Amino acid sequence: MLMQELLDKNPGKKILLGNEAICRGALESGVQFVSTYPGTPASEIGDIFFDLTKDKNGKGLYFEFSTNEKVAMEAGMGASFSGLKTLIAMKNFGLNVCIDSLLPFVYAGTKGPTVIIVADDPSCHSSAQSEENTRPIAYLAHIPILEPSDPQECKDFVKLGFKISEQFKIPIVIRTTTRVAHQKMPVNLDKMERSDQKIAGRFVKNPRQFITLPPRVLEMKKELLEKIEKIKSFSEKSHLNKIEKSSGSSRMGIITSGISYLYSKEALAEFNISSPVLKLGFFYPLPELKIKKFLKGLKKVLVVEELEPFLEHEVERLAKESNCKLEVIGKMMIPEIGEMRPEFVFSAVAKLFGKKYHQPKNNLQISVPKRLPQLCPGCPYWSVISAVKKAVNPDEVIFGGEIGCYMLFGNPPVSMQDYLFCMGSSMGIGHGIKKATGQKLIAFIGDSSFFHSGIPALINTVFNKSNPLIIILNNETTAMTGHQPHPVSAGSETGIKIENIVRACGVKNAKTLDPAVNQEEMVETIKDFLSKDDVSVIIANHPCKFVEKK
Amino acid sequence: MMVTGTGGQGLITILQVISEAAMAEGYDVKTSELHGLSQRGGSVEVYIRFGKKVYSPLIPQGKADLIMGLEAQEALKGVYFANPKTVFLVNRNIIPIPLKKPLTEDEISNSLKKISKNVFMVPAKEICKEKLGTEVVAGTYLLSWAVIKKIIPLETSSILKALKKVIPPKHLELNIKTFELAKE
């Protein structure tokens, strides 16, 4: 999608990706401040605003790639507290990093309306670490969550999210999933409310709102719960939660939301069934009266829900109050692991409505070889791999992995990864292993991850005295998610040098070198550093070949 | 329809061209694609659906009308979505997988033929390399082939217009030449 297309002032339809529609929705709402840390399936949101703010198109709008999601959230909080219309975007794991800031943010509430985009990735198409379902953050933080099904709704829900945030002075989460964020369809464009005036927010001191100390903080919790009750009434009346009536007198019903709604509609059309459908745009707070009304008179209800059965449990609870004989069917027919697929819904709907569905099965006589992703040909990490393999016997060393292109070190033929968890964890876990064992250990961490959440773990190895070898892979970009800039990326004017940070953390054995140019020195340094009694760090500098091209 | 291949083969461009052409002809359109890890030379599959009314961006199992494989082994990934009427349009191009013995074209086409009689193994890579000097447009060649043979029910004029809209100017001429080549 070309930027001028996304900024088109003429009304009409354009084919947009879910994430593009989110950006368009924010622009139509007149967003003034956007912060993010890249993570798929949310990465395009940052890419679009980054491109947009490079030239005059970006007037009246501030954008940043923050060093991590928590900092992005806090930057957005500061902007909101100063009255700006604010968008914060991240993938699910990013929200984990933010929770510490998010909870008191919801207590304090907003000044400038604020929408937080969180993208889940059922089936882990672009995610390691866990198949996270962000929904229960609503229970933890008391934050409203909206769930669009398609790009048109992505745009509409962002606009409505800003309106709800403005009305109730609370941040709003819009939760997408991969099949929504990376879905395309023709989307109706509306007028953009953008102003190209210079941003002029103002922070007005207000300790009652911005200081979350007890005893005030408990009052704030009470105010928040009251706010949620009001938003619940709003949710009851909202067209986002809609009952689609059936033409007949079906006593079976379907409750669904997000991408599952589209598969449910597809299933009903496939079997030519007319059944009432309750489509929920709000996950929290739920329109409980509307749900109870929907359940009344039904014999069975199918909850079509991706991943864990949060909605199903809510429906069971509400059914007890409005229709205690109702049979609630959900996870007994629909898998809890992996993304929803249309055929899962076909099968469940067919069973429920007594239709025949022969699940087609094609048996292949030959097995299809798996094509695992690989480091690109010419990737500078290949020279790190070869140096490590020359310096040590891989069977005698533990290799700590991390999130980034280098997590592909785990795939054959490299096979140099013995644990892999979240960003910033290779050093933290490596320190624990070093304390627990006498085994040799090399922890890999990328440049962007080092800034994201590596530094505290590095300081901990110095503070609590362990001796892993840490190799910081500096390719001067956040490569995996699409080459977004970071504090020391190519063209950066920060003047920050990773080695200076490492030394300032108290690391004595530190060396910066280019493993592609100085392969021998890299090999010798690995051997030397692995024999040290305290922590050592090699900063392996060589730009990603896609950065070199730019 | 579904397009399978490997990262960097231009699957998303094909998706854009078809969806723009379908929208221009007044169809409802939904597509699904994956980003991120798949760009690193892994398997990629995208789904394109158009018609009077489309709900799901994913093709239900066994419901694909057309499966286009830009790499022959990857075409087998489409089998889950195939039925006896599905058309398989496969680029005769095998990209080896490290440490694994590649399947042969015969193995692939024989397996596909057990599922559907409509299997077309097209030497798109070879033709493009010979006539245009590059295989990067093999996807455009297959797409054009499918439109010209009416496997994809869209007008050639809509596809040409969509190419002009989607392809960056510096690659446009090459893609239009590819389209013309597929007519031969």
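Residues numbered from 1 in each chain as written. Chains lettered and ligands numbered in written order. Predicted model: local features only at pLDDT ≥ 70, side-chain atom pairs only at ≥ 80, totals over all residues.

Asker: Help me get a handle on the overall build of chain B, residues and values and all.
Answerer: Check the secondary structure of chain B and you find 7 helices and 6 strands. The N-to-C order of helical and strand elements in chain B reads β-α-β-β-β-α-β-α-β-α-α-α-α. For chain B, whose C-alpha radius of gyration is 15 Å, the value lies close to the compact-globule estimate of 16 Å for 184 residues. Each principal axis of the C-alpha atoms in chain B carries an extent, and together these give about 40 × 40 × 35 Å. (Helix = DSSP H or I, 4+ residues; strand = E, 2+ residues; numbered from the N terminus. Rg over C-alpha atoms; globule rule 2.2 N^0.38 Å.)

Asker: Residues and numbers for the overall build of chain A, please.
Answerer: Within chain A, the secondary structure is distributed over 20 helices and 19 strands. For chain A, the C-alpha atoms occupy an extent of roughly 80 × 70 × 50 Å along the three principal directions. By the burial criterion, 52% of the 550 residues in chain A qualify as buried. (Buried ≥ 20, exposed ≤ 12 C-beta atoms within 10 Å, placed from the backbone.)

Asker: I'd like a description of unusual backbone geometry, backed by residues and values.
Answerer: Residues and elements named next belong to chain A. The omega angle of the peptide bond from Thr 40 to Pro 41 is 15°, so this bond is cis rather than trans. Phi is positive for Ser 415, close to 45°, though the residue is something other than glycine. Mapping Ser 415 onto the fold places it in the loop between β15 (397–400) and α16 (425–436).

Asker: So what about the sheet that holds strand β6 (residues 145–146) of chain A? Which residues, and what values?
Answerer: Residues and elements named next belong to chain A. Strand order in the open sheet formed by 7 strands is β3-β2-β4-β5-β7-β6-β12, with mixed pairing between adjacent strands. Because the sheet does not close on itself, it has two edges, and the strands there are β3 (62–65) and β12 (282–284). For strand β5 (residues 114–120) and strand β7 (residues 172–177), the ladder comprises 6 bridges, and the chain directions are parallel. When the sheet's bridge partners are listed, Val 118 is paired in β7 with Arg 175. (Pairing = 2+ DSSP bridges.)

Asker: An account of α16 of chain A is requested, with residue identities and associated values reported.
Answerer: Residues and elements named next belong to chain A. Under the 1.5 Å per step criterion, the end-to-end length of α16 is 16 Å for 12 residues, consistent within 8% with the ideal 16 Å. Buried within α16 are the following residues: Ser 425, Ser 426, Met 427, Ile 429, Gly 430, His 431 and Lys 434. Those residues of α16 that are buried are in contact with β15, β16 (440–446), α17 (447–463) and β17 (469–474). (Expected span 1.5 Å × (residues − 1). Contact = placed C-beta atoms within 7 Å.)

Asker: For the interface of chain A and chain B, give the residues involved together with the corresponding values.
Answerer: Across the boundary between the two partners, chain A contributes 38 residues, which contact 39 residues of chain B. At the level of elements, β8 (183–189), α11 (258–270) and α14 (342–353) of chain A are the ones that each hand at least two residues to the side of chain A that touches chain B. If one sorts the elements of the side of chain A that touches chain B by residue count, α11 of chain A sits on top with 5 residues. For the side of chain A that touches chain B, the residue count by class is 20 nonpolar, 11 polar and 7 charged. (Nonpolar A, V, L, I, M, F, W, Y, C, P; charged D, E, K, R; others polar.)

Asker: Give me the domain arrangement of chain A: which residues, what numbers.
Answerer: By the assigned domains, chain A splits into domain 1 (3–198 + 206–237), domain 2 (242–353) and domain 3 (381–549). The distance between the C-alpha centroids of domain 2 of chain A and domain 3 of chain A comes to 48 Å. (Domains from an automatic or database assignment.)

Asker: Quick one: what's the story with the packing of helix α5 (residues 92–108) of chain A against helix α10 (residues 216–237) of chain A, residue by residue and with numbers?
Answerer: Residues and elements named next belong to chain A. At their nearest, the axes of α5 and α10 sit 8 Å apart, and the two run at 70° to each other. Accordingly, the angle class assigned to the pair α5 and α10 is roughly perpendicular. Where α5 approaches α10, its residues Val 106, Tyr 107 and Ala 108 are matched on the opposing element by Val 217, Met 220, Lys 221 and Leu 224. Tallied by class, the residues present in the contact of α5 with α10 amount to 6 nonpolar, no polar and 1 charged. (Axes fitted to C-alpha atoms, helices over the stretch in contact; angles between N-to-C directions. Parallel < 35°, antiparallel > 145°, perpendicular 65-115°, else oblique.)

Asker: Could you give an account of the nonpolar core, with specific residues and numbers?
Answerer: In terms of nonpolar packing, the biggest core is built from 165 residues, with Ile 117 and Val 301 of chain A together with Leu 142 of chain B touching the most fellow members. When we break this core down by domain, the ones giving at least three residues each are domain 1 (3–198 + 206–237) and domain 2 (242–353) of chain A. Membership of the second largest hydrophobic core comes to 49 residues, among which are Met 407, Leu 420, Leu 441 and Cys 544 of chain A. (Core = buried A, V, L, I, M, F, W, Y, C linked by C-beta atoms within 7 Å.)

Asker: Break down the pairing of strand β6 (residues 119–122) of chain B for me, with residues and values.
Answerer: The two faces of a sheet get side chains in turn, since along a regular strand they alternate between them. Residues and elements named next belong to chain B. As defined by bridge partners, strand β5 (residues 87–91) adjoins β6 across 4 bridges and the pair is classed as parallel. Among the inter-strand pairings, Asn 91 is bridged to a residue of β6, identified as Val 122. Taken together, β5, helix α3 (residues 105–113) and β6 constitute a β-α-β crossover, and its handedness is right-handed. (Right-handed = clockwise from strand over helix to strand, strands pointing away.)

Asker: Any chance you could break down the environment of Glu 74 of chain A for me, citing the residues and the numbers?
Answerer: Take Glu 74 of chain A: it is sitting in helix α4 (residues 69–81). Placed 89 residues apart in sequence, Glu 74 of chain A and Lys 163 of chain A show a C-alpha to C-alpha distance of 21 Å.

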